[in-house]
Amino acid sequence: MTSAPLVAVVGAGPAGLAAVRRLRASRGVRVVLVVPGGLSEYLPGTLAVATGDARAARYRTRVQLAGVEVVSDRAEAVEPGALGTAGSWRRVDAVIAAPGLALHAVGSATSRSIVGFWDPTGAEAVAPRIGAVERGVVDVVISSLPYRCPPAPYGLAMRLARRARRLGLPLHVRLLTPEQHPLAVLGRTLGDALVAGCEDAGVEVRLGTLVDPDALAEGKVPAPDNGPDAADLTIVVPQHHASPLVADLADANSPLVPVDARFATEMAGVFVVGDAAASPTPGRRIPPHGRGRSPRRQCCPSSAHPSSAWRAPMRRRRPRRTASSTTARAPTGASRSPTPAGHHRKGGPP
Ligand SMILES: Cc1cc2nc3c(=O)[nH]c(=O)nc-3n(C[C@H](O)[C@H](O)[C@H](O)COP(=O)(O)OP(=O)(O)OC[C@H]3O[C@@H](n4cnc5c(N)ncnc54)[C@H](O)[C@@H]3O)c2cc1C
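Residues numbered from 1 in each chain as written. Predicted model: local features only at pLDDT ≥ 70, side-chain atom pairs only at ≥ 80, totals over all residues.

1. Thoughts on the sheet that holds strand E15 (residues 233–237)
Then, in step 1: A sheet is described by the order of its strands in space; here five strands give the open sequence E11-E15-E12-E13-E14, paired in parallel fashion. In this open sheet, the two edge strands, each paired with only one partner strand, are strand E11 (114–116) and strand E14 (203–206). Going across the sheet, the axis of each strand differs from the next one's by a mean of 20 degrees, ignoring polarity.
Then, in step 2: Examined bridge by bridge, strand E13 (residues 171–176) and E14 share four bridges and lie parallel to one another. Counted as the bridge partner of leucine 175 is valine 205 from E14.
Then, in step 3: Seen against the sheet, helix H4 (residues 152–167) touches strand E12 (136–142), E13, E14 and E15 and runs at an angle of roughly 175 degrees to E13. (Pairing = 2+ DSSP bridges. Helix = DSSP H or I, 4+ residues; strand = E, 2+ residues; numbered from the N terminus. Axes fitted to C-alpha atoms, helices over the stretch in contact; angles between N-to-C directions. Contact = placed C-beta atoms within 7 Å.)

Laid out in structure tokens, this is it:
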């Protein structure tokens, strides 16, 4: 008797949860959901948390889904037919990866005038510093494109300006973006509405402002602070990069993974959905695994990845190659390390 095919879904954001929902509706498929800590975080809560109007816990929930095995861990590597978690490989028939996008670090714990975040957990860590600025200039800086939810930085700037106005604080809020026109890919209407909303709230919008994301990572504030209008606090929407899990499948000049109309990637049996995927291209042919960029591939966090948060766990939790359990097995080509060197971030456009 053959058992039902096993599909691993990685990530419990909207895309991963939607995938699980669809899979549960189909008969004869077993589903395992892999998500760090077993928790799902609702990203649109970021702004309310940043302005001190809510706690991050309000936007976090434990994932429990009838008929779905939830693995409270981070997926560390994927290859055709296998997913690496918690130091071991799990044999799967397909992987649907929905890890979203990852964020570059901004500044350091000691940099006082610059903060970076783009999720509720990150927002909570810096909310007291944002709330403490009661006069002067606050900059909201979009460090690079693309980033999650293009209107949201404008919304954050408007929230800050309205709060200052409500409290009677002498605070000037500026929004700095590299775009010549906000959300240009969506046409002019939405961008014009955002700029008008900012003007109404008293936010100064500085279009076409390029900043050096690497300098931001070191805690150096962008150019406008070198003068009389230096910001008292710079809030950075960090540079986004591909999730290390799928970075090797991403395009060279973008953090997004190319997919076809079925969300298939070039790796056999591996699909990418949600923010991590480029817009599916109808009719696009993704080179099938084995005839693509490399003859055999494996995707995993790079040992050379700039974020140490990804480096440390991989050193500690190296997927073992065991054949003894029903879920763990030696990955095909088992002599390869699960942390091959040279899987660098692809980087997005400036
Ligand atoms: C500030 C802000 C405001 C927003 N506001 C709106 C809005 O008003 N309306 C709207 O439609 N959209 C909004 N968005 C965008 C929306 O939240 C995203 O488009 C959406 O969350 C993307 O869903 P996703 O499932 O692809 O990725 P995510 O929501 O990022 O979820 C990724 C999931 O994968 C998990 N994960 C990551 N790596 C691994 C790994 N290696 N192993 C296991 N799990 C992993 C994460 O823990 C998470 O559960 C906003 C986003 C932000 C940041």
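2. Regarding the site of the ligand
Then, in step 1: In the region of the ligand, 30 residues are neighbours, and Gly11, Gly13, Gly100, Cys149 and Gly274 sit closest.
Then, in step 2: Breaking the shell around the ligand down by element, the ones donating at least two residues are helix H1 (14–25) and helix H2 (46–50).
Then, in step 3: Looking at which element gives the most residues to the shell around the ligand, the answer is H1, with three residues.
Then, in step 4: Partitioned by chemical class, the residues of the shell around the ligand number 18 nonpolar, eight polar and four charged. (Near = placed C-beta within 6 Å. Nonpolar A, V, L, I, M, F, W, Y, C, P; charged D, E, K, R; others polar.)

3. Regarding the environment of glutamine 64
Then, in step 1: By the secondary structure assignment, glutamine 64 is in the loop between strand E4 (60–62) and strand E5 (68–71).
Then, in step 2: Glutamine 64 sits in the exposed class, given 8 other C-beta atoms within 10 Å. (Buried ≥ 20, exposed ≤ 12 C-beta atoms within 10 Å, placed from the backbone.)

4. Let's talk about helix H3 (residues 120–132)
Since there are 3.6 residues in each turn of an α-helix, residues three or four apart along the chain are aligned in direction.
Then, in step 1: With 13 residues, H3 extends 18 Å between its outermost C-alpha atoms, agreeing within 8% with the 18 Å of an ideal straight helix rising 1.5 Å per residue.
Then, in step 2: The largest bend along H3 measures about 50 degrees and falls at valine 126, with the proline proline 128 one to four residues further on.
Then, in step 3: For H3, the complete set of buried residues consists of Pro120, Ala123, Glu124 and Ala127.
Then, in step 4: Against the buried residues of H3 lie strand E3 (39–41) and H2. (Expected span 1.5 Å × (residues − 1). Bend = angle between axes of the 7 residues up to and from the residue.)

5. Notes on the environment of proline 151
Then, in step 1: If you trace the backbone, proline 151 turns up in the loop between E12 and H4.
Then, in step 2: Along the chain, proline 151 and proline 182 lie 31 residues apart, while their C-alpha atoms are 8.3 Å from each other.

6. Brief notes about the packing of H4 against helix H5 (residues 188–201)
Then, in step 1: Two numbers describe how H4 lies on H5: the axes approach to 9 Å, and their chain directions differ by 15 degrees. Relative to H5, the element H4 lies roughly parallel. For the crossing formed where H4 meets H5, the hand is left-handed. Of the residues in H5, those in contact with Tyr154, Ala157, Met158, Ala161 and Arg162 of H4 are Leu194, Gly197, Cys198 and Ala201.
Then, in step 2: Classifying every residue of the contact of H4 with H5 gives seven nonpolar, one polar and one charged. (Parallel < 35°, antiparallel > 145°, perpendicular 65-115°, else oblique. Left-handed = near helix turned anticlockwise from the far one by under 90°.)

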